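Here's the letter readout for the chains.
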Amino acid sequence: MMLALPAAALLMGAGPVPQVPDLGPQLERFTYPWPVQTMEVDIVGSPAQMAFMDIAPQRPNGRTVVLLHGKNFCGATWGSTARALSEVGYRVIVPDQIGFCKSSKPRVAQYSFEMLATFTKRLLESRGITRATIVGHSMGGMLAMRYAILYPASVDKLVLVNPLGLKDRGEEGVPYTDVDTLWANEKKTSYASIKAYQLENYYHGVWKPSYDRWVWMQAGMYQGAGRDTVALAQAKTSEMIKTQSVAHELYRITPSTTLIIGTLDKTAFGRAQAPANLRKFLEPVPMVAPRAVKQMPNANLVMLEGLGHSPQVEDPARFEKTLLAVLGTRPR
């Protein structure tokens, strides 16, 4: 609905969309690049499984990096980044948060970033990890910030890649949307709607065939009997993002922090729910980040010119070189 004309024209010229496969509500039929393990957690008295990959390097450097996915992404999306980190000696932990991807999506869950951060901390402790570099993308950036606020002594470095939550959209006039309304909208999700949104907001109107895999991955969860379950989890986590901004607590983020921002990102969370006369005034991530970084005690900003919301997907080599430089590590 928010698609600009160039992006819409690209989609209309792309021909019919093939049948989307049913990948299962927990991506049971989607292969991740490394073996997937699970940790059991309790959600309102019901057992749930948190999926994760634990990637051991051949020549360990004694350090660990945790990669936190965004709302429209999964642990698998970090594949190239995880490989680059592992090759230079990092142990890499890549969780799928509860409510997403290969993890459980309990209908009784009341989502909060505190809950997700607590489970992430528990996962690391279960793997014998007491301190790590935390890298969060998009919604995962919000989670990474909350993790750093809750557990500052456990964070070696904090890296935020085009994070959400740097601005309180409620203060800008974006109204609250209840879960039932969000759920109804999520049930309409399709391959075409996912691609249209990403094309316009993430990839600034330029589509590469390599992006298709990630659209199939997301769309495939909505097929079959699990559609309502996936849609409800997405609706609840959308409400979580809207109502749990970190914008007023940036001063509490004390670990060494770097924001890596693709300058062409058009993402402004809540735009779809905003009144039409307000949408054009909602600033996207690259406009918000320079002001936000000044509110953090120990932060700096790295701008990636010409890249959008997902630089790790759009230009893996450039992103990985930047990330390794931020971590103070040279490629081998």
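Enquirer: So what's going on with the overall build of the protein chain? Residues and values would help.
Expert: Looking only at helices and strands, the protein chain features 12 helices and 8 strands. A buried classification covers 58% of the 332 residues belonging to the protein chain. One way to put it: in the protein chain the 36 positive side-chain charges average out to a point 4 Å from where the 27 negative ones average out.

Enquirer: Report on the layout of surface pockets, specifying residues and quantitative values.
Expert: Approximately 1200 Å³ is the volume attributed to the largest pocket. Around the largest pocket sit 42 residues that line it, and Asn185, Glu186, Tyr197, Ala272 and Gln273 are the ones nearest its centre. Of all the elements in the fold, those that place two or more residues in the lining of the largest pocket are α5 (179-186), α6 (191-201) and α8 (227-243). Each residue belonging to the lining of the largest pocket can be placed in one class, and the counts come to 18 nonpolar, 16 polar and 8 charged.

Enquirer: Lay out the state of the cysteines with the relevant residues and their values.
Expert: Evaluated as defined, the whole model comprises 1 disulfide. Between the sulfur of cysteine 74 and that of cysteine 101 lies a disulfide, 2.0 Å long from S to S. Where cysteine 74 bonds to cysteine 101 through sulfur, the torsion about that S-S bond is close to -90°, and the disulfide is left-handed. On the criterion of sequence distance, the pair formed by cysteine 74 in the loop between β3 (64-68) and α2 (79-87) and cysteine 101 in the loop between β4 (91-95) and α3 (113-126) is long-range, its members being 27 residues apart. The pair formed by cysteine 74 and cysteine 101 is uniform in burial state, with each residue classed as buried.

Enquirer: Describe the confidence of the model for the protein chain, listing the residues and the values that go with them.
Expert: In the predicted model, the protein chain carries a mean pLDDT of 92, and the fraction of residues at 70 or more is 94%. This stretch, residues 1-13, has a pLDDT under 50; its non-local contacts, to residues over four places away or in other chains, come to 16 contacts.

Enquirer: Run through unusual backbone geometry, naming residues and quoting values.
Expert: Although it is not a glycine, leucine 27 adopts a positive phi angle of roughly 50°. Assignment of secondary structure puts leucine 27 in the loop between α1 (5-12) and β1 (37-43). Even without being glycine, asparagine 162 reaches a positive phi, approximately 40°. Relative to the assigned elements, asparagine 162 resides in the loop between β6 (155-161) and α5.

What counts as what
- Numbers given for residues are sequential positions, taken from 1 along each chain in its written order.
- Per-residue local features of the predicted model are confined to residues with pLDDT of at least 70, and side-chain atom pairs are confined, for both listing and counting, to 80 or more; whole-chain, interface and lining totals are unaffected and use all residues.
- As a rule here, side-chain values cover all heavy atoms of the structure and leave hydrogens and water aside.
- Note on conventions: DSSP H or I runs of at least 4 residues are helices, E runs of at least 2 residues are strands, and numbering of each starts at the N terminus.
- The buried label applies to any residue whose accessible area, calculated with a 1.4 Å probe on protein chains only, is under 20% of its type's maximum; exposed applies above 50%, and partly exposed to all values in between.
- Here the positive residues are Lys and Arg and the negative ones are Asp and Glu; neither His nor the chain ends is included.
- The location of each charge is read from NZ of Lys, CZ of Arg, CG of Asp or CD of Glu.
- A cavity, in this analysis, means grid points on a 1 Å lattice covering only the protein atoms where a 1.4 Å probe fits yet has no way out; a pocket is instead an open set bounded by protein on both sides within 12 Å along at least five of seven lines, and a residue lines either one if it has an atom within 4 Å of a point.
- Grid points are joined across faces, edges and corners, and a volume is the space filled by probe spheres set on the points.
- Each residue is assigned to one class: nonpolar for Ala, Val, Leu, Ile, Met, Phe, Trp, Tyr, Cys and Pro, charged for Asp, Glu, Lys and Arg, and polar for all the others, Gly among them.
- By definition, disulfides here are pairs of cysteine sulfur atoms that lie within 2.5 Å.
- Scored from 0 to 100, pLDDT reflects the predictor's confidence in each residue.
- Only heavy atoms matter for contacts: two residues are in contact if any of them lie within 4.5 Å across the pair.

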